[in-house]
Amino acid sequence: ERRRGLLMMGSAHTINVESVLFVLDEILPALRARGVADEDLVVHVIGPNMNHQTLIADHREKRNVRLHGRVRGAQLDALFNDTKVFVSPAVSGPASFKTKNLEALARGLPVVTSRLGALGLHRNAGRGHSNTGVCIVAAHPQLLADAVGELLLNETLWRTASAGALAFARTHYHPRNLEIEVQSLLAATGL
């Protein structure tokens, strides 16, 4: 069965709600205008306490968002295996490493994110579509929609990005590789 739709992750924290609404209000219309099929315009949101968000609830009635709450195990695996693109626009908030992006990459799900969302992933991730599975663009609706749309509509690009995501996560974030890097940093500082 073909992968469909978008996946997002986050609790009901203001910056996560803002990102979900940004995708629903700004990116989905641009994808629809680009000719992306309705089946690919469903946004699956993983994370606790999103159900009480009135603004998101309005979108639920339009059937373009599915709130899954806190998920684990087989249900989490199914969402990562059934969706096509992990979207993490990070339009505001503190500068921090987004582990959700790494989780998606480690599962072979290409990530489209903003520069803020990519903090910590800049290890040779590159800009735009690359062989890393990470697509970093400005937090602009049309640029994000173009990047997502290319992955939804171009199966060859998606396969390359998926394989790149797995390789990127294994190369840069495998525990042994991180241990070597930390040891190198400690040695460089004389500790």
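Remember, predicted model here, so these are calculated numbers, not experimental data.

Caption draft 1: Looking closely at the pairing of strand S6 (residues 134-137). Neither face of S6 is exposed, since Val134 and Ile136 on one face and Cys135 and Val137 on the opposite face are all buried. Judged from the four bridges that link them, strand S5 (residues 111-114) and S6 form a sheet pairing that is parallel. Its bridge partner lying in S6, Thr113 is registered against Ile136.

Caption draft 2: Main features of helix H5 (residues 141-153). Its 13 residues place the ends of H5 18 Å apart at the C-alpha level, agreeing with the 18 Å of an ideal helix rising 1.5 Å per residue. Pro141, Leu144, Ala145, Ala147, Val148, Gly149, Leu151 and Leu152 are the residues of H5 that are buried. Those residues of H5 that are buried are in contact with strand S1 (6-9), helix H1 (14-33), strand S4 (85-88), S5, S6 and helix H6 (155-173).

Caption draft 3: Summary view of the side chain of Lys100. For Lys100, the location among the structural elements is in helix H4 (residues 99-106). One polar contact links Lys100 to Asn16, side chain to side chain, over a distance of 3.2 Å. Ignoring sequence-local partners within four residues, the contact set of Lys100 consists of Met9, Gly10, Asn16, Phe86 and Ser88.

Caption draft 4: Molecular detail of the pairing of S1. Two strands pair when backbone bridges link them, and S1 and strand S2 (residues 43-46) are joined in this way by four bridges, in the parallel orientation. Within the sheet, the bridge partner assigned to Leu6 lies in S2 and is Val43. Read as a crossover between parallel neighbours, the route from S1 over H1 to S2 is right-handed. With two bridges joining them, S1 and S4 adopt parallel strand pairing. Residue pairing in the sheet places Leu7 in a bridge with Phe86 of S4.

What counts and how
Residues numbered from 1 in each chain as written. Predicted model: local features only at pLDDT ≥ 70, side-chain atom pairs only at ≥ 80, totals over all residues. Heavy atoms only, no water. Buried < 20%, exposed > 50% of the residue type's maximum accessible area, 1.4 Å probe, protein only. Helix = DSSP H or I, 4+ residues; strand = E, 2+ residues; numbered from the N terminus. Pairing = 2+ DSSP bridges. Expected span 1.5 Å × (residues − 1). Contact = heavy atoms within 4.5 Å. Polar contact = N/O pair within 3.5 Å; in protein donor to acceptor, adjacent residues only side chain to side chain. Right-handed = clockwise from strand over helix to strand, strands pointing away.

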